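# Summary of structural features
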Amino acid sequence: MPLEPLQFLSVLVLHGPNLNLLGQREPEIYGSLTLAEINHLLEEEGQNLQAEIHIVQSNHEGVLVDAIHAASKKHQGILINAGAYTHTSVAIHDAIAAVNLPTVEVHLSNIYKREAFRHHSYIAAVAIGQISGFGAESYRLGLQALVHYLRKMS
Ligand code: DQA
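Reference entry: report on the structure contained in this document. (Residues numbered from 1 in each chain as written. Predicted model: local features only at pLDDT ≥ 70, side-chain atom pairs only at ≥ 80, totals over all residues. Heavy atoms only, no water.)

### With respect to the overall build of the chain
Using the following cut-off: Only DSSP runs of H or I covering at least 4 residues are called helices, and only runs of E covering at least 2 are called strands; the numbering of each starts at the N terminus. Note that the radius of gyration is over C-alpha atoms, with the globule rule given as 2.2 Å times the number of residues to the power 0.38. Note on contacts: a residue pair qualifies if any of its non-hydrogen atoms lie within 4.5 Å across the two residues. What sets the accessible areas is the Shrake-Rupley method with a 1.4 Å probe; for residues, cover comes only from the shown protein chains. Only four residue types enter the tally: Lys and Arg on the positive side, Asp and Glu on the negative side; His and the chain ends are excluded. Working definition for charges: the position is that of NZ of Lys, CZ of Arg, CG of Asp or CD of Glu.
Along the chain, the regular secondary structure elements total five helices and five strands. If you list the helices and strands of the chain from N to C, you get β-α-α-β-α-β-α-β-β-α. Taking 154 residues into account, the globule formula puts the C-alpha radius of gyration at 15 Å, and the chain, at 15 Å, falls close to it. Dimensions of the chain, computed from C-alpha atoms along their principal axes, come out at roughly 55 × 35 × 25 Å. Restricting to contacts in the chain with at least 6 residues of sequence separation, those with at least 24 account for 78%. As displayed, the chain offers around 8,000 Å² of accessible surface, 54% of which is attributable to carbon and sulfur atoms. Distance between charge centres in the chain, computed from 9 positive and 14 negative side chains, equals 4 Å.

Right, here's the structure in full:
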């Protein structure tokens, strides 16, 4: 019997401030891959998972909020590394709550092993889950977890 074709999924990938500098930014903490290389890895993983991904990076909180609002009509889920906004942004928390799209939070570094100000995440309370500390692999694991969750829902 032929297999059922998998349902088409579209995921918004959001990278927050300073992540455009990956590769040169504190490589001992964030690794040596550039953002373009991480995005390529995500595109490949998206193909494996039969999910289309749309990627946005911004250093501006409002741009990230606008992208989350626009996602509700275009995408089924959100993968987000909000960078430093993780620890400060009630606005991003509220935007995710408002669109009510399943969201997975990722971090390259293990935020709980670092300075105390990184231990609290405003995203965590509105995310289905969080992956932190596996370097670029956090993104791949996060995408797998999100797509798995979305397929179970449908
Ligand atoms: C980060 C962790 C944040 O604390 C930091 O501000 C970042 C990157 C990470 O991916 O490990 O910019 O989100």
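### Notes on the site of the ligand
This is how the line gets drawn: Nearness of a residue to a molecule or strand requires only that one of the residue's heavy atoms be within 4 Å of it. A 3.5 Å cut-off defines polar contacts: any pair of N or O atoms within that distance qualifies, except that in protein one atom must be a possible hydrogen donor and the other a possible acceptor, and neighbouring residues in sequence count only when both atoms are side-chain atoms. Any residue that is not Ala, Val, Leu, Ile, Met, Phe, Trp, Tyr, Cys, Pro, Asp, Glu, Lys or Arg is counted as polar, Gly included; the first ten are nonpolar and the last four charged.
As a structural note, the neighbourhood of the ligand is formed by Arg25, Tyr30, Asn81, Gly83, Ala84, His87, His107, Leu108, Ser109, Ile111 and Arg118. Note that an oxygen atom of the ligand is positioned 2.7 Å from one of the side-chain N or O atoms of histidine 87. One of the side-chain nitrogen or oxygen atoms of serine 109 is found 2.6 Å away from an oxygen atom of the ligand. Coverage of the ligand by the protein amounts to 99% of the 320 Å² it exposes when considered alone. Class assignment of the residues belonging to the shell around the ligand gives a composition of four nonpolar, five polar and two charged.

### Some thoughts on helix α5 (residues 137–153)
The condition is simple: Take the residue count of a helix, subtract one, and multiply by 1.5 Å to get its expected span. Summary of the burial criterion: residues with accessible area below 20% of their type's maximum are buried, those above 50% are exposed, and those between are partly exposed, where the area comes from a 1.4 Å probe applied to protein chains only. Regarding the arc, it is the one traced by the directions from the helix axis to the C-beta atoms.
If you check α5, its first and last C-alpha atoms are 24 Å apart, about what 17 residues at 1.5 Å a residue would give, namely 24 Å. When α5 is considered as a whole, its buried residues turn out to be Ser138, Tyr139, Gly142, Leu143, Leu146, Val147 and Leu150. With its buried residues spanning 155° around the axis, α5 presents them on a single face. Turned more than 90 degrees off the buried face of α5, the exposed positions are His148 and Lys152. Where the residues of α5 are buried, they touch β1 (9–15), α2 (35–49), β2 (51–57), β3 (77–81), β4 (103–107) and β5 (129–132).

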